[in-house]
Amino acid sequence: MNSSEAEYRALRTELIHYDNACLTILGLMLTASTAIYGLVSDKSIYPLLFLLSIIWSVGFPYILDKRASNLKIALYIKIHVESCDNDFFWETWLQNKGLLNNTGNRHSVNEKAKAEYPKGLDDLPIVDPVKIEFALLATTHIVNVAWLWLAKDSQQPLAITTTILAIISLYRSFFRMYHYLSFDSKKFINSFTHTGDLIED
């Protein structure tokens, strides 16, 4: 195995690792949401709603960071590995066929791809997963805040705390998501010179 192949495999493994981490964390948050809503509905343990808000406030930025790392790794593979070795071409093929959106995101389909493959891309999402995950974050905060404010027994102090957390979380998460979706791949490619500038854990 030559050095290019070793690097390519290592980076592809890292891509898969980060993608699996996103799916695992999202799955855990959805599982926690189901369990906590069941307990609160049955036992009225309202502090669990605040805990759930914290879980989503921490989990969403983690997922976003991993998706951003995947984007940078994919760009590095395309520019510094695939362009130097004709045996590797997956990331280049994705971009050439329009299977990346304007930010280089690997998880959604752009108009070019839909026009070229009108019947072959039904299994690929049209909406960026980050937008769906942000919608889940916002929905969780809204449900938690509304539940606490409308609770039969007075939960005003907890409701106020949870509302403040929700506002801060949504504000920070929205701008982090906006920064991610506004990522300029061309500008980024011109800015780095080696792997150390590229990958952020």
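In this text, all values refer to a predicted model and were calculated from it rather than measured experimentally. (Residues numbered from 1 in each chain as written. Predicted model: local features only at pLDDT ≥ 70, side-chain atom pairs only at ≥ 80, totals over all residues. Heavy atoms only, no water.)

## Some thoughts on the overall build of the protein chain
Regarding its fold elements, the protein chain presents 7 helices and 0 strands. Across the protein chain, helices and strands are ordered from the amino to the carboxyl terminus as α-α-α-α-α-α-α. Burial status across the protein chain gives 41% buried among its 201 residues. Within the protein chain, counting contacts between residues at least 6 apart in sequence, those at least 24 apart form 68% of the total. Only carbon and sulfur atoms are counted for the fraction: they give 61% of the accessible area of the protein chain, which is about 11,500 Å². (Helix = DSSP H or I, 4+ residues; strand = E, 2+ residues; numbered from the N terminus. Buried < 20%, exposed > 50% of the residue type's maximum accessible area, 1.4 Å probe, protein only. Contact = heavy atoms within 4.5 Å. Areas by Shrake-Rupley, 256 points an atom, 1.4 Å probe, with all protein chains shown as cover.)

## Some points on the packing of aromatic side chains
Across all of its chains, the model carries 5 aromatic pairs by this definition. Pairing Phe 174 with Phe 175 gives two aromatic rings, centres 5.5 Å apart and planes at 85°, and the pair type is edge-to-face. The class of Phe 175 is partly exposed, set by a relative accessible area of 45%. Through pairs of rings, three or more aromatic residues link up here, namely Phe 60, Phe 134, Tyr 171, Phe 174 and Phe 175. (Phe/Tyr/Trp six-rings, centres within 6.5 Å; stacked < 30°, edge-to-face > 60°.)

## A short note on the confidence of the model for the protein chain
Detailed reading of the predicted coordinates is not advisable wherever pLDDT falls low. When pLDDT is averaged along the protein chain, the result is 78, and 65% of the positions lie at 70 or above. Considering only residues more than four positions removed or in separate chains, one finds that residues 116-125, a stretch of pLDDT under 50, has 12 contacts. Low confidence marks residues 194-201, where pLDDT is under 50. Its contacts with residues over four positions away, or in another chain, come to 18 contacts. (pLDDT = per-residue confidence, 0-100.)

## Description of the environment of Ala 68
Within the fold, Ala 68 resides in helix H2 (residues 47-81). Classification of Ala 68 by relative accessible area gives partly exposed; the value is 22%. Ala 68 sits 112 residues away from Tyr 180 along the chain, and the two C-alpha atoms are 6.8 Å apart.

## Things to note about helix H6 (residues 156-181)
Its 26 residues place the ends of H6 36 Å apart at the C-alpha level, agreeing with the 38 Å of an ideal helix rising 1.5 Å per residue. When we look at burial in H6, the residues that qualify are Leu 158, Ala 159, Thr 162, Leu 165, Ala 166, Ser 169, Ser 173, Met 177 and Tyr 180. (Expected span 1.5 Å × (residues − 1).)

## Remarks on the side chain of His 141
Relative to the helices and strands, His 141 resides in helix H5 (residues 129-149). Engagement of the side chain of His 141 in a polar contact is seen with the side chain of Ser 57, the distance being 3.4 Å. (Polar contact = N/O pair within 3.5 Å; in protein donor to acceptor, adjacent residues only side chain to side chain.)

## Let's talk about the nonpolar core
In a soluble, globular protein the nonpolar side chains are often hidden away together inside. One finds Tyr 46, Leu 49 and Phe 60 to be the most contacted residues of the largest nonpolar core, which totals 27 residues. The set of elements that each furnish at least two residues to this core consists of helix H1 (3-43), H2, H5 and H6. Beyond its immediate sequence surroundings of up to four residues, Leu 49 is in contact with Ile 36, Tyr 37, Val 40, Asn 144, Trp 147 and Leu 148. Listed in part, the 7 residues of the second largest apolar core include Leu 11, Leu 15, Tyr 18 and Ile 73. (Core = buried A, V, L, I, M, F, W, Y, C linked by side-chain atoms within 4.5 Å.)

## Re the side chain of Thr 140
Residue placement: Thr 140 occurs in helix H5. Polar side-chain contacts of Thr 140 include one of 2.8 Å to the backbone oxygen of Leu 136. In this structure, Thr 140 is in contact with Tyr 37, Leu 52 and Trp 56, ignoring residues within four places of it in sequence.

## Some points on a nonpolar patch on the surface
A contiguous nonpolar surface patch, about 530 Å² in accessible area, is contributed by Trp 149, Leu 150, Ile 160, Ile 164 and Ile 168. The element that contributes the greatest number of residues to the nonpolar patch is H6, accounting for 3 residues. Counting through the fold element by element, Ile 160 comes out in helix H6. For Ile 160, a relative accessible area of 36% puts it in the partly exposed group. (Patch = residues over 30% accessible without salt bridge, like charges linked within 9 Å, V, L, I, M, F, W, Y side chains within 5 Å. Salt bridge = Lys/Arg side-chain N within 4 Å of Asp/Glu carboxyl O.)

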